[in-house]
Amino acid sequence: MRIEGRHYRSIWPSEDGRGVLVIDQTKLPFAFALKRLETMTEAAEAIRSMVVRGAPLIGATAAYGVALAMRVDPSDDHLAHAIATLGATRPTAVNLHWALQRMGRVLRAVSSSEREERAFAEAAFICDEDVDCCRAIGEHGARIIAQIAARKDARPVNILTHCNAGWLATVDWGTALAPIYRAHDQGINVHVWVDETRPRSQGAALTAFELGAHGVPHTVIVDNAGGHLMQEGEVDLCIVGSDRTAANGDVANKIGTYLKALAAHDNGVPFYVALPFSTIDWSIADGVRDIPIEERAAREVTHMTGRAEDGALHTIEVVAPGSLAANPAFDVTPARLITGLITERGVAPASREGLLSLYPERAAA
Ligand code: MRU
C-alpha cells in the first residue's frame, strides 16, 4: 500500500540483511515510525506488545523471528527454543502456529549450516504468499460489492467493518479491506463504517488511517452504533477478518464481532468473513467450544492513550478507580450467522462442506 507516494509492505528484511523492518503500529495514527527487529526476542516482544498485530502479520513476523534465531544459532535446540518462545506470544491467531510449524518443518529438513539462508527465504515466501492470497481475496470480495452496487444506482455501498483487517494486519492489501480497496480502485462508490474497536481502537487508529491514506470514504462509529445503523438501512453489508476459522466455519475475530453478526442477522444484512487458508484451523471441529480466547491486561480497558491539544500523546484513566475490568480480546461468531467466507480460492458457505468445497485436498486429512 502507498503512504505518501511510497509503497510499503507491513514487514520486510532490512537492506543490510541483518534485521527486519516493521511499522510500529502502537504509534499510529499520529506517527508513522519504523521499528527494526534484530533478534528473535525482539520479534517475540513486537508480537506480544502489538507493535505488529493482525493474524497474517503475526505469522509473518514469527517466521522472520525464527530466521533471526537461526542467524545466531542454527542448532536443533535453538530452533525448538525459538518456536516455543514465539509460539507463546499470543494465543488466538492460528497463523502464528501455522507459520512456526511450517518453518520448523522446512528447517528440520536441512542441515544446520543451511538453516539461516533457508529460514530467511521461507519467511519471504510466506510474506509473498500472503500478498497473493489477499490480492485474490480482494478480487473475489469486490465481485460481491459490485453486485450490491448494481442495485444501488450510483449511491454508495455502505460497508461496516470491525477492528483492522487491512494491509497493516497482513503483509499487504488486507483481508476484509482488500475487497473494499479493489472495489474503490474499480470506481465503485463505497463508504465504510469503521467500528472504533475498543479497547485498543484498531478501527479508529488503524483502519481509519489506512482508508484515509488510500482515499476511501469512511466514517468512524462507536462500537455500539452498528445495530442502529443496520435498522436504519444504512449498512449494505459487513466484512470482517478472522484470527482463527474452525473446520465447521465458526470464526474467532476481535471482540465485538459476534454482536455485529447478531445485529446483521436480525436485520437481514449480509455478513462476510474474509480470510486466507493460513487462518483455517482444521484441527478444531467446533470453534465456539474450542478456539482459545486471549485475555489481555485490564489496563487496556481502564486507560486510553490519545493525542492532546498540545500534540503530545497522553495516557488517561477512563474507569472508576478501584473497579475491576475484564478484557477478552476475541469472540467467536457461529457459522450460522455468517453469509459467506471470502478466501483466496473464492467464496463459500461458512460450514465444513463449504470449506471443503474450496479446499477438497483437506477431505482426506
Ligand atoms: O488483536 P489484533 O489487533 O491482532 O486483532 C486483529 C483482528 O482481530 C483482525 O480482524 C484479524 O487478525 C484479521 S486480520 C487480517
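The structure this text deals with has already been given above.
A brief report on the enclosed structure follows.

Cut-off values and rules
- Residues numbered from 1 in each chain as written.
- Predicted model: local features only at pLDDT ≥ 70, side-chain atom pairs only at ≥ 80, totals over all residues.
- Heavy atoms only, no water.
- Pairing = 2+ DSSP bridges.
- Helix = DSSP H or I, 4+ residues; strand = E, 2+ residues; numbered from the N terminus.
- Near = heavy atom within 4 Å.
- Polar contact = N/O pair within 3.5 Å; in protein donor to acceptor, adjacent residues only side chain to side chain.
- Areas by Shrake-Rupley, 256 points an atom, 1.4 Å probe, with all protein chains shown as cover.
- Domains from an automatic or database assignment.
- Contact = heavy atoms within 4.5 Å.

1. Quick word on the pairing of strand β11 (residues 251–254)
Okay, step 1: Pairing between strand β10 (residues 244–246) and β11: two bridges, direction antiparallel. Bridging across to β11, R244 finds its partner in A252.
Okay, step 2: In sequence, β10 turns back onto β11 through a hairpin of four residues, with G249 there showing a positive phi of about 90°.
Okay, step 3: Two elements, β11 and strand β16 (residues 330–333), share four bridges in a ladder whose sense is antiparallel.

2. Describing the site of the ligand
Okay, step 1: As a structural note, the neighbourhood of the ligand is formed by 19 residues, with R90, Q202, D243, N253 and K254 the closest of them.
Okay, step 2: One of the backbone nitrogen or oxygen atoms of G54 is found 2.9 Å away from an oxygen atom of the ligand.
Okay, step 3: Residue N253 places a side-chain N or O atom 2.7 Å away from an oxygen atom belonging to the ligand.
Okay, step 4: The protein chains hide 100% of the 410 Å² of surface that the ligand would expose on its own.
Okay, step 5: When residues of the shell around the ligand are traced back to their parent elements, those giving at least two are α2 (55–72) and β11.
Okay, step 6: Both domains that meet at the shell around the ligand, namely domain 1 (2–128) and domain 2 (139–364), each give it at least three residues.

3. Points about the environment of P292
Okay, step 1: Take P292: it is sitting in the loop between α10 (287–290) and α11 (299–302).
Okay, step 2: Through-space distance from the C-alpha of P292 to that of D73 is 32 Å; in sequence the pair is 219 residues apart.
Okay, step 3: Ignoring any residue separated from it by four or fewer positions in sequence, one finds P292 in contact with P91, T92, R244 and I284.

Function cannot be inferred from these measures alone, as they are strictly geometric.
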